[in-house]
Amino acid sequence: MVEHGDIRVVHRGGSKINFREPVITNDSKFLLCASGECVKVFSTSTEECVHDLRGHTDLVTGVIIKPSNHLQAYSCSADGTVRLWDFTDGILIKTYVIGHPIYSIHASASHEGVVFVVTSMHADKRPDLLQLVAVHLPRSGDQMVEARELSAVLSDVSSNPLAIVFGRGGEYIASTKGLKLEVYLFRKQKAYSFFLKEDNKKGRRNTFTCVACHPKDDCIATGHEDGKIRLWRNFNQKKEYTYSTLHWHHSAVSSLCFTPEGTNLLSGGIESVLVQWRYNQEDQREFLPRLGAAITHITVSPDGSLFFTSHSDNKITIIQSCLKVSAAIQGLVKGESVTTDLMMDPRSKSLVLNGKPGHLQFYSLQRDKLLYNLDVVQQEYIHESGLQQFEVVKAAFDASGNWLATVEERKQKGAEVELNLKLWEFDEQTQSFVLNTTISAPHEAQITGMCFCHSTDNQTTMLVSTSKDGHFKAWQLDAQAHTEDERPSWSCDFVGAYHSLVPECCCFSADGSLLAVSFQEVVTVWSTASWELLTTLSQPPKAIRNLCFGRLSCSKYLLGTTGNNLLCCWNLLTCSLEWSTSMDVSLLLADPISENMAAFCRQAGSTDLFVFKPSEPRPLFSQKAVCPGKVTRAIFAPREEMLESCEESSQWLNRSQLYFLTQHMDLMTFTTKVEEDRLMASSKQLVIDDTVAMTPFYLLLGKHRQQDSGDAQSGISTERTPLPQGSVAIKELLQTPAHVLPSTSFLCSMFVQSLLISVTEPREENKATEEEMESEKEEEDSEEEMESGTTRPEQAPLGRHAAESAAPALTKAQVRELRRVKKLDRSWFAGLLDS
Amino acid sequence: MASFKPTKIQVYPKLGEKVTQDTLYWKNYKAPVQIKEFGAITNIDFSPVAPHNFAVTAFTRVHIYGPFSQEPVKTFTRFKDTAYSGRFRSDGQLLVAGCEDSVVRLFDVSGKVALRMFKGHTKAVHVTDFTSDSYQILTGSDDYTCRLWDIPNATELNTYQEHTDYIRCGVTSKLNRDLFITGSYDHTLKMFDARLDKSVMTMDHGHPVENLLLYPSEGLLVSAGGRYVKVWDLLKGGQPLVSMKNHHKTVTCLSLGSNGQRLLSASLDRHVKVYNTTNYKVVHNFDYAASILSLGLAPDDESIVVGMTNGILSVKHRKSPEESKETSGQQRRKPSYRVFVKGKNYVPKQDDYLVSKPVKQHLAKYDKQLKRFNVSKALDTALETWLRRRKPEITVAVIKELDRRGTLKNALAGRDEQSLFHLLNFLIGNLVDPRFAPVLVTTAEMILDIYRSVIGQSPVVDRQLLRLQDLLEREIDYQKDLLEVLGMLDTMFASSIPRKEVPCSGISRSNGLGQGEASTSRPQLQAT
C-alpha cells in the first residue's frame, strides 16, 4: 500500500444554501447564506457568489449582521465558535470560542456587546436540552478570544432558529417549542409561558413551527403545524393575553416574517405559495403562487423593498415588494437520493442528475453553478406531502450528447407502475433538449437499467433498457420518415429474454458491437448487429451487481461484481475468466477516455477506492477510508485542460476527475497538489468588486444621476447601475454648446484626478477595504453634493469603523497586495464594452 | 413564479394505416360524384386528347362524360344487346365498341349512327381496340378468336385461333402497329405479331385473365386474373417479374397513375389498391360500396372513375391546391385575430423605452379550473358533451390528472342524477378502449364505492349500472377468448423457431448451466 500524500478528498461545490435563513445586508446589496462549513456572500443584483467566508471547521448554523456595525457579521457553527467577519472583503476579524456546539445565533441592537446563542450547556448530561444563552463578547485586540461570560436566558428551547425571535427592538424575546410559547421581557426580567392544547377539534396538531414579532407593535405571530397563524397580543401578563387566528395554509406554516414597517405579514409553507397578509386587515391577502418548491425561510430586506424566500430545493428567490419574482439563486438540488445516476452531459460538460421533482438539473462543476433545469415530466407539480407524483428515475446520454433518454415513474399504492420513456433531441438552434418521442409503458415493470450505445462511428443510435418484467428492449431511431413534416422517431427494435430471469445491468462494448446484459447470476453477451446470443458467462451463486466493459486497449475485458464480494474480469476473446478477486465492491465504473477503472469498496463502515487497469495486476492507486458510509454514485468527469503530473500515483487524475456522492449527499472529488496550487493562483484574481460600474467615468458623472434619483433609491440597486453613456449628465455634456461648458482642461484635470485618487489617497490614510475606498472616493468627489446631503450618509462612518477594527488583522504587505489587486481590476472596462 | 403547466393530453398513435406522402396524395380528392347507370359498368376509357372525356360502357349504351359534367355529353344507344369495351382512338375522334350480338361498331364521337359495322365473330365481342397506326381494329371474342379489321374497308384482315377459351382482354402496342397482346380465360396471355400468322409469345398467368396493361415503355406487361396481379418482363421473353396477391376476390381492372409511378388495381372485393411500381408495395387503398368492374384514371390523376356491378359510376375529382390549403387555413385564423394584431408590427425607435407586455397564457377551460383547484368543476367542463363525444382522450387526461392530484374522489362525489348519468355514459362508451381502460377502471371503482349507498334510488342510474355490468361481462369473455388464441399462437411460434445451440464458455458449462435457449421475439406493436 503506497501512501499518496498529494491526493486529497475535498468537498466540491453543490453545498446547501437553504440550510438557514439568508441574511441581507443593510444596503440590500449582499446576501449571506450559511452553506456547509462556510458562509457564502451573494450579490443580489447579479446573483453571483462574490466570495466565501471560510474558517469554520464544522457546519455553520447561523449568520447575523452585527447590530452595531452593518458591515460586519457574526456566524456561529457547530464547532463551538462565533466568528466576526468583514463580509465585503471576506476577512475574518475575530473568533470567539464558546466551547459548546451552537445551534443558532440571535442579536439585537439594544443589547450591545451581547449575542444570544442556542447551545447545549450540559452536553454530557442531556444533549437534547438546549438553552438560550447570552454571551458577553469581551473587547480585546486578539484574533482568538474565549468568551467566558455566559448567562442563561431561557432553558429548553428549540434548535430551530426560526423558533426564537427578538421583539420590538429587543424589548423581549419570544421562543416556541412544542406547544409552548415563552416570552422573556428584558425590562421586567420575567418570562411568561403560554400553552396550547395538543390537538384542536379536527384532530390536527397545534404544534408551533415558527414565530415572528411585529417590529412596532406588541404582537407575536406564530405558525402552526396545522397551517394556522396565531397573532398573540397583550402577552406581557400571565392572564389576559389574547390571540386571533388566521388560516389559509393547508399544511404546516414553515416561515413567518413581518415587513420592517409592520404593515404586512409574510408566510409560507409546503404549498410554495408566498402569502402576504395585511396587518390588522387580515382578510386582505395577496398570493404569489408556484414558487417551485416548499418555502423554508422568508426574509425581508431592511428597507422592505425586497423579499427573499429560500426553498427546499436549494434555491433563494428574490421577490420585489409588489410580489414579482425578480431573480433566483439556485444551488445544486439534492433530494434524499439520486435516483438517476450521476452523468456528464457530453456537450456542456456539466454534471446531470435529478433535481427538482420531475426535472433533470445540469450543474456546471467548474463554475459551481446550476446551468438549467430540464422539465422532463411536464406536469404541474402539486405541493402536497404524501402525494405520489412522477419522478425521473433513469436518464442516459448518448456519446455525442445529441440524444437524452429519460424514464419517469409513478408508483401508486394498489395500482400498477406508470412508466414513460422519453427521448430528447438536442436542438442546435435553441441550445436545449426538445422532446422527440414519448413511449408510455415501455415495459410492464420497473426499469432497472438503461444505456446508450457509445460507439462514435456507428450511424444509428441505439438504446437498451432492462426491466423487472424479465425483458430487455433495444430501441432504435427510425431512419425514414413517412412524410416530410414528420421527424424520425424511436421505436422498439428487439425484445430479448433469457430463461425468464430478471435482467439487472446492461453495458455496451466500446465499439458497440456487443451488448452484455446480466440476468441475475448469468451474464449474456449479445451481438447488436444480428441480436444473437453469443455466449453466457457466470460466476454463481450470487447475482451480478455491476457490469462494465473495458475501454481502449482493454476493450476485450468485461468486468463484473457479484453479490458475494467478487470482482471478476472475463476475457471475451477466450470467453473465460481472466482473474477474480474478493472485495465488496459497491460501485464499479470506467473512465470513458482511458483504460482506468475505479472500484469503491466497502470495508468496516467506510469506503476504499481502487483505481486499476483490467490488464494490469497492480492497482494504479488505492486509498483507504475515502469517506464513511457507502458510495453508490460516482462519475469520471473529463477535465477541460490536462494536468501535467508526472507522479505515477496521480497520473490517473490527469485527464479526468473523479466525483462521488457520499451517503450524506455531499459531492466530493479528488485533487492533486498541482491542481490545488493552480487553483490558489487563480483564486487570487477572482476577488471581484461587486460594484462593477464604479469606473472613473462613473465617479465623474454618476453622482449627477444619484442627485436626480434622490436618496430613496440610493440604498438599493437591484437593477444594474446604468452606464454613464445613457445618463443625463453625459447628454448634457455632449448637447450643451461648447462655449457654455467649463474649459476642457478643467474637465480633464477632474477626470485625471479621479483616476489618481485610488492610488494616492489610501496610502496616506492606511485604509484597507475597498468599500472604504468607494465611500472615500465619493466624499472626495462630491464636495458640492455634500450640501444636498450625501447619498449614503450612514455608510461612510461605518466603513471607517470597519476598517479600524480590521486594521490590526492586516499586515502592511497584505495591504500593499490588496492595493495591487485593486489596481489590476479593469473589469469596468469590460462593462463599458458590453453596453 | 413559474407559469401553470397545462394538463398533458396524451397523443395516441392512429391505428391502421400510417400517414405517408402517398396517403396524403391519394386522400386529396373531393367527395365522389355518383351517377346511376342502367346496368353493370364494364368498361371506362379516357379520351387521350383534352378535355379528356371518358366513355362509360354500361348495359346497351356507351355514355361519354365531360371531365366535370354529371350528365353525359354524348350517348351511343344503337346496340342490340349489351355493349362492351367502348374505346377511343388515339386522336379521340373515333370510338369502337363490341356487343353481345357479336357485331363490332365504330362511331364518330360527334355522330350518332355507327360508321362501320364489323361482322364476323360468332359470339359476344368483349375486346376492341385500335392499333397504333389507327387504321386497324383489334377484336377479341367469346368464340375463342381474335381478329384484325381494316377500318376503311370494314374487312377482316386476319384471324387468330390460338386461345382455347373466351378472350376477355387485349391490348395493342402504342409503339408498334403490328403488335398486340390478348388474355384469355384459358389462363394464357398471347402476344401476336400481325405480320405473322401465329403468336410470338405465350405466358401462363395461372388464372383466367381479366385485364391487361402495357407500361408506356412497353417493356413490362401487367396482367390481372383471379386474385393475382402479375408483372411480366417482355424484353426478357415474357419472364414473370412480380406476382402480387393483395385482393381477396378476383381482380377485374388495372390502371396506371402518376405517369407510370403508381399502378392501380380494382377488384370484386370492392377495393382499389395503389401500388408503387418500383417496389410493388401497396401504398394506398380505396374502399367502394360495391364490387368494382372497371376503373379509369384521368391523366395527372385529375379524377378517378370507378364503375361498379350495381351500375353506380363514382367519379372523384382531385382537389385544387387552393382548396386543399383553405381547409387547413380556416382553422388557424379566426376572425377576431385581426383585432389583436394591431400595433404588433410597430418597430421601436432608438430612444423608446420598451415595456414588454407579459404574454398571456391561454388555458383550456378545464385547466383554468384545475389551476384554481376546483376539481369538481374541472371534471364538469371535461365532461361537456362535445369533449365527451369527440375527444374522449381529453376527458380521460383530465380524470388522470385529478387522480394524480389525489382529488379524483372529491371530484366524483356529490353529483346529481343527471351528471352521474353522463359520467356513467362516458364510462360505458370508453371503458373497454385499451388506451383508456387503466384510468377508467379505477374511476368506475371509485364511483361504485362512492355511490354504493344510493344505488336503487334512481332508475336512470340503475339502468346505466346494469349496462356497465353487461359490458364488463362481455369484455371479460372476449379477453378470455383472446388469451386462448394467444396461447395457440405461442405454441405455433415456439415450434416453428429452430432451436439454436448457444456457444458456452467453459466456466458456465462447468457450473452446470446448460446452453441457454434464447427466447426472442420481435415486438408486436409499439406506441410511439
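Scoring rules and cut-offs
- Going along each chain's sequence as written, the residues are numbered from 1 onward.
- Ligands are numbered from 1 and chains lettered from A, in the order in which they are written.
- Selection of residues for local features in this predicted model requires a pLDDT of at least 70, selection of side-chain atom pairs for listing and counting requires 80 or more, and totals for whole chains, interfaces and linings are taken over all residues.
- Only hydrogens and water are removed before side-chain values are computed, so all heavy atoms of the structure are retained for them.
- UniProt positions are given in the numbering used here, feature names are shortened, and annotations may be inferred rather than shown by experiment.
- As used here, the term nonpolar core means buried Ala, Val, Leu, Ile, Met, Phe, Trp, Tyr and Cys residues forming a set that is joined through side-chain atoms within 4.5 Å.
- Accessibility here uses a 1.4 Å probe with only protein chains present; expressed as a share of the type maximum, an area under 20% marks a residue as buried, one over 50% as exposed, and anything in between as partly exposed.
- Secondary structure elements are taken from DSSP: a helix is a run of H or I of four residues or more, a strand is a run of E of two residues or more, and numbering for both begins at the N terminus.
- By definition, residues are in contact when any of their heavy atoms lie within 4.5 Å.
- The patches described consist of residues with a relative accessible area above 30% and no salt bridge, like charges being joined within 9 Å and nonpolar side chains (Val, Leu, Ile, Met, Phe, Trp, Tyr) within 5 Å.
- For the area figures, the Shrake-Rupley method with a 1.4 Å probe applies, and any residue is considered shielded solely by the protein chains shown.
- One speaks of a salt bridge when a side-chain nitrogen belonging to Lys or Arg is within 4 Å of a carboxyl oxygen belonging to Asp or Glu.
- We count Lys and Arg on the positive side and Asp and Glu on the negative side, and we leave His and both chain ends out.
- By convention, the charge on Lys lies at NZ, on Arg at CZ, on Asp at CG and on Glu at CD.
- Here, a strand pair is defined by DSSP locating no fewer than two bridges between the strands.
- Fitting a line to C-alpha atoms yields each axis, with helices limited to the stretch in contact; the angle taken between N-to-C directions then spans 0 to 180 degrees.
- An angle below 35 degrees is read as roughly parallel, one above 145 as roughly antiparallel, one from 65 to 115 as roughly perpendicular, and any other as oblique.
- Here is the rule for handedness: rotate from the far helix to the near one, and if that takes an anticlockwise turn smaller than a right angle the crossing is left-handed, while a clockwise turn gives right-handed.
- Just so you know the grouping, Ala, Val, Leu, Ile, Met, Phe, Trp, Tyr, Cys and Pro go in nonpolar, Asp, Glu, Lys and Arg go in charged, and all remaining residues, Gly too, go in polar.
- The pairing test for Phe, Tyr and Trp rings, Trp by its six-membered ring, is centres within 6.5 Å, and the orientation test on the planes gives stacked under 30 degrees, edge-to-face over 60, and tilted for anything in between.

Labelled according to an unreviewed UniProt entry, chain A appears under the name WD repeat-containing protein 75, originating from Larimichthys crocea. In its Subcellular location (unreviewed entry) section, the UniProt entry covering chain A states "Nucleus, Nucleolus".

So, on to the nonpolar core. If you look at the biggest cluster of nonpolar residues, it comprises 36 residues, and the most contacted ones within it are Leu 402, Leu 424, Leu 440 and Ile 447 of chain B. At the level of elements, α4 (365–371), α5 (375–382), α7 (392–404), α8 (408–412), α9 (417–430), α10 (437–451) and α11 (459–496) of chain B are the ones that each hand at least two residues to this core. For Leu 424 of chain B, the residues in contact, after removing those within four places along its chain, are Ile 447, Val 461, Gln 464, Leu 465 and Leu 468 of chain B. Ranked by size, the runner-up nonpolar core spans 19 residues in total, among them Ala 598, Phe 621, Val 631 and Trp 652 of chain A.

On the surface, a cluster of negative charge is contributed by Glu 473, Asp 477, Asp 481 and Glu 484 of chain B. For Asp 477 of chain B, the position within the fold is in helix α11.

This part takes up the sheet that holds strand β51 (residues 585–590) of chain A. Residues and elements named next belong to chain A. Here we have four strands laid out as an open sheet, ordered β51-β52-β53-β54, and antiparallel in their pairing. This sheet does not close on itself; its edge strands, each paired only once, are β51 and β54 (621–628). Neighbour to neighbour, the strand axes of the sheet diverge by 20° on average, direction disregarded.

Before going further, it helps to spend a moment on the pattern of salt bridges. Once their charged atoms are close, side chains differing in charge can pair, the charge on each being opposite to the other. For the structure shown, the criterion picks out 34 salt bridges over all chains. Across the pair Lys 180 of chain A and Glu 182 of chain A runs a salt bridge, and its minimum N-O distance is 3.5 Å. Take Lys 180 of chain A: its relative accessible area is 15%, and that puts it in the buried class. Relative accessible area serves as the criterion here: at 11%, Glu 182 of chain A is assigned to the buried category. Where Asp 584 of chain A meets Arg 602 of chain A, a salt bridge forms, and the shortest distance between an N and an O atom there is 3.8 Å. Here the residue Asp 584 of chain A occupies a position in the loop between β50 (576–582) and β51, and Arg 602 of chain A occupies one in strand β52 (residues 597–603), the gap between them amounting to 18 residues. Residue classification places Arg 602 of chain A among the partly exposed residues on the basis of a relative accessible area of 36%. Each of Arg 410 and Glu 418 of chain A together with Lys 400 of chain B takes part in a single network of salt bridges with overlapping partners.

Residues and elements named next belong to chain B. Taken N-terminus to C-terminus, the directions of α5 and α7 make an angle of 165°; their axes are 9 Å apart at the nearest point. Overall, the two elements α5 and α7 adopt an arrangement that is roughly antiparallel. Considering only the axes of α5 and α7, their crossing is left-handed. Contacts between α5 and α7 involve Val 375, Ala 378, Leu 379 and Ala 382 on the former and, on the latter, Thr 395, Val 398, Ile 399 and Leu 402. Considering only residue class, the contact of α5 with α7 consists of seven nonpolar, one polar and no charged.

Moving on: the side chain of Ser 267 of chain B. Residue and element names in this part refer to chain B. Structurally, Ser 267 can be placed in strand β23 (residues 262–267). Residue Ser 267 is classed as buried on the basis of its relative accessible area, which comes to 0%. When neighbours within four sequence positions are excluded, Ser 267 is seen to be in contact with His 247, Lys 249, Thr 250, Val 251, Thr 252, Ser 291 and Ile 292.

Before going further, it helps to spend a moment on the packing of aromatic side chains. All names here are of chain B. Counted according to the given criterion, the structure contains 46 aromatic pairs over all chains. With a centroid separation of 5.0 Å and 45° between ring planes, the pair formed by Phe 46 and Phe 54 is classed as tilted. Each member of the pair, Phe 46 as well as Phe 54, is classed as buried. Taking the centre distance of 4.7 Å and the plane angle of 35° together, the rings of Phe 76 and Phe 107 count as tilted.

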